[in-house]
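Spelled out, the chains give:
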Amino acid sequence: MHRSTAKLASLLLAAVAASCGFFVVAHAICWPHERDALLAFKQGIINDTYNFLDSWQQGRHDCCRWAGVACSNETGHVIELDLASSYLVGQMSLSLFSLQHLEYLNLNTTYLLGPNGQNCSSLVFLDLGMNKFYGMLPTWIGELVNLQFLELNHNMFYGDIPFNITNLILLQHFSLANNNISGSIPSSLSKLAAMTLKYPRSLGAYWYLNMNKDDVLSVVMKQQELKYRMFALRDMVGIDLSLNHLTGRIPDEITSLKGLLNLNLSWNHLTGKIPAKIGALKSLESLDLSRNSISGEIPPSLSDLTYLSSLDLSYNNLAGTIPTGRQLDTLYTENPSMYSGNIGLCGPPLEKSCPGNDAPEHRNQQQGSENGYDTVLFFYFGLAAGFVAGLWVVFCALLFNRAWRNAYFRLFDKLYDNVYVFAVVTWESITSNTTAS
């Protein structure tokens, strides 16, 4: 009886759950063709020093449980492949890019040679840094329209930066550091819409499910390597093209990227002047233009970058006075070498004074001396003129007034007599005292 009642209750609960739409769904397993794609990728690996791919076995059908692989709980498609720091050596198989739902691909610090990846249009995060990828920068990167983070640093790419890279309107972080890239910086950077916003749009819900992932992105910023966790990525906006062979000027359009926190163009062959409106990058915290051939004066608008906490303009051909401002003065105190190697720079905070500043000072001193000389000369001239005028007044009065003339001469005669008598009496008194002694 009790068994029948319990069975009936279970059936009733199942019916209620079904009618209310509550179903217990098992964990979705990966799709067979995506498992085969991953296994084909493994076949291209010739050295797995740390046995990172040991779990990638034909007999283990659920590739979602393999090391470095993550799938969508709803569809079972592979959406994440994280092989960072696995030190894999080999050839990247074309099959990897048949994972059309892949959103996160991190192959940083592996040693792979890789092919075309134009089919991965769902990619949001692509890190191929610290590898041995060789060749011209592929144009298919410009077709990854959902890409927000692109790390291609420390490879052997060469040639120009594809102009269609500016088609990535969602791109927040772009690093090509330490390659052999040449040519000029594309002038159409203003098309990178996400970088023009002070607050880039939030990432998709999938990213928030992985907030605890550590050290997802490594960025050289403020003259140090910073590690960013997943939850902090949404605030990272930067461009790093350092350690390449870029030529030409820094395009003025770069000043439209008002969301930039980090701009590193150091160790290239850039020429021309620093954009006059560089101060429009109000969010900028780190600016490194060192080791180029940039000329001209430092724009006064640089002092408008109130959030700037790291600045390096050393070893260029800059000249003229340095803009003043509390922020720039503080930065110089913390890093006195940030203007080094620019022999044309002068004025505070440098010890070298500007020739244009010495001349006015000399003229002012000379003018002051001349003014002082004129004042003294005017004083003596007035004194002499007053004396002559007074003398002529007395002379004319005595000349034309007989009574005054007689009184004047009697006064002088009497004065003469008094002085003469005083002198004779004094002399006799001195002589008598000397004789008595």
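Residues numbered from 1 in each chain as written. Predicted model: local features only at pLDDT ≥ 70, side-chain atom pairs only at ≥ 80, totals over all residues. Heavy atoms only, no water.

Focus: the pairing of strand 10 (residues 156–159)
As a reminder, the rule being used: The cut-offs for exposure are 20% and 50% of the maximum accessible area for each residue type, with area from a 1.4 Å probe on protein chains only; residues under the lower value are buried, those over the upper are exposed, and the others partly exposed. In DSSP terms, a helix is any run of H or I states spanning at least four residues, a strand is any run of E spanning at least two, and both are numbered starting from the N terminus. For two strands to be treated as a pair, DSSP must find no fewer than two bridges joining them.
The two faces of strand 10 differ: Phe 157 and Gly 159 on one face are buried, but Met 156 and Tyr 158 on the other face are not. Bridge count between strand 8 (residues 134–136) and strand 10: three bridges; the pairing is parallel. Each residue of the ladder has a partner; that of Met 136, found in strand 10, is Tyr 158.

A look at the pairing of strand 3 (residues 78–82)
Within strand 3, five of the five residues are buried, which leaves the element mostly enclosed by the surrounding structure. Pairing analysis gives three bridges linking strand 2 (residues 69–71) to strand 3, with the strands arranged antiparallel. By the bridge assignment for strand 3, Cys 71 is matched with Val 78. The turn linking strand 2 back onto strand 3 is made up of six residues, and Gly 76 within it adopts a positive phi angle of 85°. Sheet topology note: the strand 3/strand 5 (residues 104–106) ladder contains three bridges and is parallel. Its bridge partner lying in strand 5, Glu 80 is registered against Tyr 104.

Section: the nonpolar core
Defined as follows: In these notes, a set of buried Ala, Val, Leu, Ile, Met, Phe, Trp, Tyr and Cys residues joined through side-chain atoms within 4.5 Å is what counts as a nonpolar core. Residue contacts are defined here by distance: any two heavy atoms, one from each residue, within 4.5 Å place the two residues in contact.
Grouped together as the largest cluster of nonpolar side chains are 81 residues, with contacts concentrated most on Leu 38, Leu 105, Leu 311 and Tyr 339. Counting only elements with at least two residues in this core, the list comes to helix 2 (32–43), strand 2, strand 3 and helix 5 (326–334). Ranked by residue count, the leading element in this core is helix 2, at four residues. Leu 105 has contacts with Leu 81, Leu 96, Phe 97, Leu 123, Phe 125, Leu 126, Asp 127 and Leu 128, leaving out every residue within four places of it along the chain.

Overview of empty space enclosed by the protein
Put simply, the rule reads: In the cavity and pocket records, a cavity denotes points on a 1 Å grid over the protein atoms alone where a 1.4 Å probe fits but cannot get out, a pocket denotes an open set with protein on both sides within 12 Å along at least 5 of 7 lines, and lining residues are residues with an atom within 4 Å of a point. Grid points are joined across faces, edges and corners, and a volume is the space filled by probe spheres set on the points. Ten residues, namely Ala, Val, Leu, Ile, Met, Phe, Trp, Tyr, Cys and Pro, are considered nonpolar, four, namely Asp, Glu, Lys and Arg, are considered charged, and the remaining ones, Gly among them, are considered polar.
One pass over the structure, following the stated rule, counts two cavities of 30 Å³ or more. One number sums up the size of the largest cavity: a volume of about 80 Å³. Around the largest cavity, the lining residues are Ile 161, Ile 165, Phe 174, Ile 185, Pro 186, Leu 189, Leu 192, Ile 239, Leu 241, Ile 254 and Leu 265. Considering only residue class, the lining of the largest cavity consists of 11 nonpolar, no polar and no charged.

Details of the state of the cysteines
As a reminder, the rule being used: The disulfide definition used here is simple: a pair of cysteine sulfur atoms within 2.5 Å.
Considering all chains together, one arrives at three disulfides under this definition. A disulfide bridge connects Cys 64 with Cys 71, and the sulfur atoms are separated by 2.0 Å. Disulfide Cys 64-Cys 71: torsion about the S-S bond near -100°, hence left-handed. What makes Cys 64 buried here is its relative accessible area of 10%. Each sulfur in the disulfide pair Cys 346 and Cys 354 lies 1.9 Å from the other. Note on the Cys 346 and Cys 354 pair: the S-S dihedral is about 105°, so by sign convention the disulfide is right-handed. As far as burial versus exposure is concerned, Cys 346 and Cys 354 are alike and both buried. Look at the chain and number its bonded cysteines as they come in the sequence; the links are 1-2, 3-4, 5-6.

A closer look at a nonpolar patch on the surface
Spelled out, the test is: Residues qualify for a patch when their relative accessible area is over 30% and they have no salt bridge, like charges being joined within 9 Å and the nonpolar side chains of Val, Leu, Ile, Met, Phe, Trp and Tyr within 5 Å. Surface accessibility follows the Shrake-Rupley procedure with a 1.4 Å probe radius. Residue values consider only the protein chains on display as shielding. Note on definitions: salt bridges are taken to be side-chain nitrogens of Lys or Arg within 4 Å of carboxyl oxygens of Asp or Glu.
A cluster of nonpolar side chains, Tyr 408, Phe 409, Phe 412, Leu 415 and Val 419, forms an exposed patch at the surface whose accessible area comes to about 480 Å². Note on Leu 415: relative accessible area 49%, which makes it partly exposed.

Notes on the sheet that holds strand 12 (residues 180–183)
We count it as follows: Convention adopted: a line fitted to C-alpha atoms gives each axis, helices being fitted over their contacting stretch, and angles between N-to-C directions are expressed from 0 to 180 degrees.
The strand order across the open sheet built from five strands is 8-10-12-16-18, with neighbouring strands paired in parallel fashion. Each end of this open sheet is capped by a strand with a single partner; those strands are strand 8 and strand 18 (269–271). Adjacent strand axes in the sheet meet at a mean angle of 15° when their direction is disregarded.

Notes on the sheet that holds strand 22 (residues 317–321)
Spatially, 20-22-23 is the arrangement adopted by the three strands of the open sheet, whose pairing is parallel. Strands at the two margins of the open sheet, each flanked by one partner only, are strand 20 (295–296) and strand 23 (344–346). Relative to strand 22, strand 20 runs parallel, the two sharing two bridges. Bridge pairing in strand 22 places Gly 296 opposite Leu 318.

Examining the pattern of salt bridges
In the structure shown here, the tally under the stated rule is two salt bridges. Salt-bridge contacts for Asp 62 lead to Arg 65; the nearest nitrogen and oxygen are separated by 3.2 Å. Among the ionic pairs, Asp 252 bridges to Arg 249, the shortest N-O distance being 4.0 Å. For Arg 249, a relative accessible area of 45% puts it in the partly exposed group.

Digging into the confidence of the model for the chain
Heads up, the rule is: Residue-level confidence of the predictor, termed pLDDT, takes values from 0 up to 100.
Looking at the chain as a whole, the pLDDT averages 81, with 80% of positions reaching at least 70. pLDDT under 50 marks residues 1–26. Its contacts with residues more than four places away, or in other chains, come to two contacts.

Concerning unusual backbone geometry
Note that the residue after Pro 348, namely Pro 349, is joined by a cis bond; omega there is 5°. On the secondary structure map, Pro 349 appears in the loop between strand 23 and helix 6 (355–400). Of note in this structure, His 154 is not a glycine but carries a positive phi near 55°. Tracing the chain through its elements places His 154 in the loop between strand 9 (149–151) and strand 10. Classification of His 154 as partly exposed rests on a relative accessible area of 34%. If you check the backbone angles, Trp 267 has positive phi at about 55° while not being a glycine. Among the structural elements, Trp 267 can be located in the loop between strand 17 (262–264) and strand 18.

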